[in-house]
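# Residue-level structural notes
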Amino acid sequence: MGKYKVGRNDPCPCGSGKKYKNCCYLNKTQAWKTAGSHESPAFTIKPKETPEPITDFHVSSNGGKTWGSRPGTLAAQTQGKKPVDIDETISKVVESVSPDIDKLNISDNAKREFKERTSDIDHKLYAVKYHLNNYEQAESDEIKEFSKNDKPPAGVQMMIEEPRLIYEVEAFLFQTKSCLDMLSKVIEPVFDFGDCSFDKMGDQLIKQLRNKCSPLLTTYAEKIIKLIENAQEAWIVELIEMRNIITHRSKLQGFNCFMQDPYMGGDIATIHYPTMPNKRRALEYCQDVYEKLLSFCEEFLKLTLGAARKRNIDMR
């Protein structure tokens, strides 16, 4: 007889009396949280240039009578973007509030948490831009290929799916919605809310701001609600609905890759740009959403900072 497999809703084998999913299953599925330190996989190369060691260790092999030096490393790790990858427009969004967080009369732990949540927005904006750039490059490559080697269809309209276009649009839509979800997390400690997200096109966040906000912060809550409602009408509802249509429910229904019209003779062939379900050119649409997202995030963060100043709380 094969080994019995414990179901998620079965009693936990450890005898705790809890369901497996609420007990030892968590340790199994979140092993990364308890994994010990280890050497990560690595490979070696021969550097083009060999820099001088940052620092030396002073060592002695005879009990301190004589000393020598040995190359070493600082007890630190540096992390950051290459200068070529830094986008000043994105940096401006975060820098519009980050310096002022240090001026808040709150605990160091609270400042650190606020900064971390703001940093998450920086990360997400770079992710959105990454997929926008990838899509733009994929579209450009396809146009060049058409110009060099195209043989237009005769008698029929033809569209061939291009994976790079499809998956970059999907990723762009997902990352934009994810950015909105992360943005909602910034206000949780400021307004003393529980878990916040951009569910129901942002209506869930609006509901929390209307029903759970302290009187002290009502003015800022109303401003954030107005910001969300204006953005819903301008682009958010359309974006989330297209994300659902394109990626969740209909296997890319409504998104068209390059569409070639039937060749009718002569020396010109007509090819239509990739379009979104709203029939806008996909590249134009994504660029427009990206600009609106930048502006929305910047204003949202400024209003949240204003609420933090007003409340002047110790954020948990």
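Read on for an overview of the structure. (Residues numbered from 1 in each chain as written. Predicted model: local features only at pLDDT ≥ 70, side-chain atom pairs only at ≥ 80, totals over all residues. Heavy atoms only, no water.)

### Some remarks on the overall build of the protein
Assigned secondary structure in the protein consists of ten helices and five strands. Per-residue burial for the protein yields a buried fraction of 37% across its 316 residues. In the protein, once contacts between residues fewer than 6 apart in sequence are set aside, the share between residues at least 24 apart is 64%. Entry remark: accessible area of the protein is about 20400 Å², with carbon and sulfur atoms responsible for 51%. (Helix = DSSP H or I, 4+ residues; strand = E, 2+ residues; numbered from the N terminus. Buried < 20%, exposed > 50% of the residue type's maximum accessible area, 1.4 Å probe, protein only. Contact = heavy atoms within 4.5 Å. Areas by Shrake-Rupley, 256 points an atom, 1.4 Å probe, with all protein chains shown as cover.)

### Description of the environment of Val59
Mapped onto the secondary structure, Val59 falls in strand 1 (residues 55–59). According to the relative accessible area criterion, Val59 is partly exposed, its value standing at 31%. Distance in space between the C-alpha atoms of Val59 and Arg70 is 7.1 Å, their sequence separation being eleven residues. Not counting residues up to four positions away in its chain, the partners in contact with Val59 are Thr66, Trp67, Gly68 and Arg70.

### Things to note about the pattern of salt bridges
Within this structure, the stated rule accounts for 16 salt bridges. Among the ionic pairs, Lys177 bridges to Asp181, the shortest N-O distance being 3.0 Å. In this pair, Lys177 and Asp181 are both assigned in helix 6 (residues 163–185), four residues apart and thus about one turn of the helix distant. Look at Lys177 and you get buried, because its relative accessible area is 7%. Of the charged contacts in the structure, one is a salt bridge between Asp288 and Arg280, with a shortest N-O distance of 3.4 Å. Owing to a relative accessible area of 27%, Asp288 belongs among the partly exposed residues under this scheme. With a relative accessible area of 27%, Arg280 lands in the partly exposed category. (Salt bridge = Lys/Arg side-chain N within 4 Å of Asp/Glu carboxyl O.)

### What about the side chain of Asp122?
Counting through the fold element by element, Asp122 comes out in helix 5 (residues 108–149). Given the relative accessible area of 15%, Asp122 is considered buried. Setting aside residues up to four positions removed in sequence, Asp122 forms contacts with Lys81, Ile90 and Val94.

### Considering the environment of Glu241
Mapped onto the secondary structure, Glu241 falls in helix 9 (residues 218–249). As a C-alpha pair, Glu241 and Leu173 span 68 residues in sequence and 9.9 Å in three-dimensional space.

### Some remarks on the environment of Phe255
As for its placement among the helices and strands, Phe255 is situated in the loop between helix 9 and strand 4 (259–260). Judged by its relative accessible area of 5%, Phe255 falls in the buried class. With 89 residues separating them along the chain, Phe255 and Ile166 place their C-alpha atoms 8.1 Å apart. Apart from the residues within four sequence positions on either side, Phe255 is in contact with Leu165, Ile166, Val169, Ile246, Pro274, Thr275, Met276, Pro277 and Ala282.

### Here we look at the sheet that holds strand 3 (residues 158–159)
Strand order in the open sheet formed by three strands is 3-4-5, and the pairing between neighbours is antiparallel. Strands with a single pairing partner mark the edges of an open sheet, and in this sheet they are strand 3 and strand 5 (271–272). In this sheet, strand 5 lies alongside strand 4 in antiparallel orientation, the contact comprising two bridges. Counted as the bridge partner of Gln260 is Ile271 from strand 5. (Pairing = 2+ DSSP bridges.)

### Some points on the packing of helix 3 (residues 88–95) against helix 5
Two elements in contact, helix 3 and helix 5, have axes whose closest approach is 9 Å; the angle formed by their N-to-C orientations is 160 degrees. Between helix 3 and helix 5, the crossing angle belongs to the class labelled roughly antiparallel. The way helix 3 lies across helix 5 gives a crossing that is right-handed. Along its contact with helix 3, which presents Ile90, Ser91, Val93 and Val94, the element helix 5 presents Thr118, Asp122, Leu125, Tyr126 and Lys129. Partitioned by chemical class, the residues of the contact of helix 3 with helix 5 number five nonpolar, two polar and two charged. (Axes fitted to C-alpha atoms, helices over the stretch in contact; angles between N-to-C directions. Parallel < 35°, antiparallel > 145°, perpendicular 65-115°, else oblique. Left-handed = near helix turned anticlockwise from the far one by under 90°. Nonpolar A, V, L, I, M, F, W, Y, C, P; charged D, E, K, R; others polar.)

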